[in-house]
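Residue-level structural notes
Single-letter residue listing:
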Amino acid sequence: MSPEIFKGFVILACIFIPLEKIFALHNQKVFRLGWKTDATYFFTGHFIGRSGAIIVAVTLSLMTDLFNQELQSKIASQPIWLQFAEAIVISDLAYYIAHRLLHEVPWLWQFHAVHHSIERMDWLAAVRVHPCEQLFTQICKMMPLYWLGFTKETFAVYALYSAAIAFLIHANITIKFGPLKWFVATPEFHHWHHSQSPKIHNKNFAVQLPLLDLLFGTMYMPSKKMPHKYGVSDAVPAGYVGQMFYPFSRMMQNARS
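Treat the numbers as computed from the prediction; the structure is a model and nothing was measured.

**Focus: the packing of aromatic side chains**
This structure, assessed with the given rule, holds 17 aromatic pairs. Residues Phe16 and Trp123 carry aromatic rings whose centres are separated by 6.2 Å and whose planes lie at 10° to one another, so their mutual orientation is stacked. In this pair, Phe16 sits in helix 1 (residues 3-22) while Trp123 sits in the loop between helix 5 (106-116) and helix 6 (131-148), placing the two residues 107 residues apart along the sequence. For Phe16, a relative accessible area of 8% translates into the label buried.

Here you go:
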């Protein structure tokens, strides 16, 4: 295990566990049902994420004829703060599309159902993502940014922001963000996406910019109300290994029926 990954886990735990105790949305234990499974995802997900970045880099290195070097130069010459703002819009738009596909294409849903199998929401729930889904969304999110020529510094800032938002939106906290909730994804926004109600978990597809859901008519964020039950009706196994094989076994069952 890499010391940096373990250090990151400890830092995140030291930030979010106290927040979830002080501002708890739901009364639940720190070591809630499924925490060992999600901790396993945390330590394996880092390598899968890096694999996605390598795949994007190698793919684009073979597609240099498609690059517009003038456009890349103009984007790279912009201030980092402007590149960062553009990266949020472009990347989350790409993720929004990919996320809707995960819900609407039956065989893709088998992978995404693993993430939706979470029944106790907290910061660690963010990492319960099947490796195939993680690679798919990583490529969808990062490919446009590489292709457009955003700088390495912008990628570094965006990567930190993206990770922080992912843990925040799953956190078991009841903090309100006021008008900021329309511009930054929050638990108030994302928890509805994990609602046990199928009609509601097909809402709020963005993970950073809620305005995208408002724009595309998929916003669901009632005031003074939060979901009480999370999860899906799919019989997703509780353990890590079972969840790895679940999408493939489901597709085989569907093919035989």
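Structure's up, so let's keep going.
**What about empty space enclosed by the protein?**
In this approach a probe as big as a water molecule rolls over the atoms, and the regions it shows empty are the leftover space. Applying the stated criterion across every chain, the model contains two cavities of 30 Å³ or more. As a volume, the largest cavity reaches approximately 40 Å³. If you go around the largest cavity, the residues you meet are Ile173, Thr174, Ile175, Lys176, Pro187, Glu188 and Met226. Its boundaries defined by the atoms lining it, the second largest cavity holds a volume of some 30 Å³.

**Some details on helix 10 (residues 240-256)**
Here helix 10 spans 25 Å end to end across 17 residues, near enough to the 24 Å set by a 1.5 Å rise per residue. At Tyr246, helix 10 is deflected by roughly 40°, the largest bend along its length, and proline Pro247 occurs up to four residues later in sequence. Turning to helix 10, its buried residues number three or more, namely Tyr240, Gln243, Met244, Tyr246 and Pro247.

**Focus on the confidence of the model for the chain**
Taken over all residues, the pLDDT of the chain has a mean of 90, while the share at 70 or more is 94%. For the chain, the element scoring lowest by mean pLDDT is helix 2 (residues 35-61), at 78; helix 4 (residues 80-104) scores highest, at 97.

**Focus on the environment of Ile200**
Within the secondary structure, Ile200 sits in the loop between helix 8 (187-190) and helix 9 (211-216). For Ile200, a relative accessible area of 15% corresponds to the buried category. Expressed as a C-alpha distance, the spacing of Ile200 and Met219, which sit 19 residues apart in the sequence, is 9.5 Å. When residues no more than four places from it in sequence are discounted, the contact partners of Ile200 are Trp192, His193, Ser195 and Tyr220.

Analysis parameters
- Residues numbered from 1 in each chain as written.
- Predicted model: local features only at pLDDT ≥ 70, side-chain atom pairs only at ≥ 80, totals over all residues.
- Heavy atoms only, no water.
- Phe/Tyr/Trp six-rings, centres within 6.5 Å; stacked < 30°, edge-to-face > 60°.
- Helix = DSSP H or I, 4+ residues; strand = E, 2+ residues; numbered from the N terminus.
- Buried < 20%, exposed > 50% of the residue type's maximum accessible area, 1.4 Å probe, protein only.
- 1 Å grid on protein atoms, 1.4 Å probe; cavity = no way out; pocket = protein on both sides within 12 Å on 5 of 7 lines; lining within 4 Å.
- Points joined across faces, edges and corners; volume = space filled by probe spheres on them.
- Expected span 1.5 Å × (residues − 1).
- Bend = angle between axes of the 7 residues up to and from the residue.
- pLDDT = per-residue confidence, 0-100.
- Contact = heavy atoms within 4.5 Å.

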